[in-house]
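Coordinates in review
The primary structure of each chain is shown beneath.
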Amino acid sequence: MADNREAVGHGGLSVVRADVDGIAVLGLDGEVDYQSSSALTRVMPLADEDPGRRLVLDLSQVTFMDSSGVNALIAAHQARQPVQGWLRLAGVHGAVLRTLQLVGLDTVIACFPSVEDALRP
């Protein structure tokens, strides 16, 4: 398992990456907004890379997400479909969950209570 910490955006978001059994897991901490969403997109593994084809985003430490974050999730989800991959979200709660529910994204991208649950087949 690889574990790399990288700060993205303008102090509002940090990302830790781990590869677990061929699945890329990104742990996000902070806010996903206009300033940090493009950096988040850059640190997400490409969908055609083996550990990027299946991706879990741990949002349990994300305190805020705006439409830029929603758009980044949609793009990541759509990029994985042609290569039979998937994007799963873990630990979504509070204002972030309400945002995803408001736009209906929680019905498009699978949401799980924990990373462990999201990693299960």
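Shown above is the structure to which this text applies.
**Overview of the pattern of salt bridges**
Counted according to the given criterion, the structure contains two salt bridges. Across the pair D19 and R17 runs a salt bridge, and its minimum N-O distance is 3.0 Å. Its relative accessible area of 23% is what places D19 among the partly exposed residues. For D117, the salt bridge goes to R120, with nearest N and O atoms at 2.2 Å. Among the residues examined, R120 registers a relative accessible area of 48% and is labelled partly exposed.

**Some remarks on the nonpolar core**
Formed by 24 residues in total, the largest nonpolar core has its most connected members in L28, L57, L59 and L89. Among the elements of the structure, strand 2 (13-20), strand 3 (23-32), helix 1 (34-43), strand 4 (54-65), helix 3 (67-80), strand 5 (86-90) and helix 4 (94-103) are those that each provide at least two residues to this core. Residue contributions to this core peak at five residues, all from strand 4. Discounting chain neighbours no more than four positions away, the residues touching L59 are L28, M65, L89, A90, G91, V92, H93 and V96. In this structure, I23, A90, V115 and A118 belong to the second largest nonpolar core, which totals six residues.

Reading guide: rules and limits
- Chains are numbered independently. Their residues run from 1 in the order of the written sequence.
- Reporting in this predicted model follows two pLDDT cut-offs: at least 70 for local features of residues, and 80 or more for side-chain atom pairs to be given and counted; totals over whole chains, interfaces and linings ignore these cut-offs and use all residues.
- As a rule here, side-chain values come from all non-hydrogen atoms in the structure, and water together with hydrogens is ignored.
- In what follows, salt bridge is the name for a side-chain nitrogen of Lys or Arg lying within 4 Å of a carboxyl oxygen of Asp or Glu.
- Burial classes: relative accessible area under 20% of the type maximum marks a residue as buried, over 50% as exposed, and values in between as partly exposed (1.4 Å probe, protein chains only).
- To form a nonpolar core, buried Ala, Val, Leu, Ile, Met, Phe, Trp, Tyr and Cys residues must be joined to one another through side-chain atoms within 4.5 Å.
- Helix and strand labels come from DSSP, where a helix needs a run of H or I of at least four residues and a strand needs a run of E of at least two; each type is numbered from the N terminus.
- Contact between two residues is taken to exist if any of their heavy atoms lie within 4.5 Å; hydrogens are not considered.

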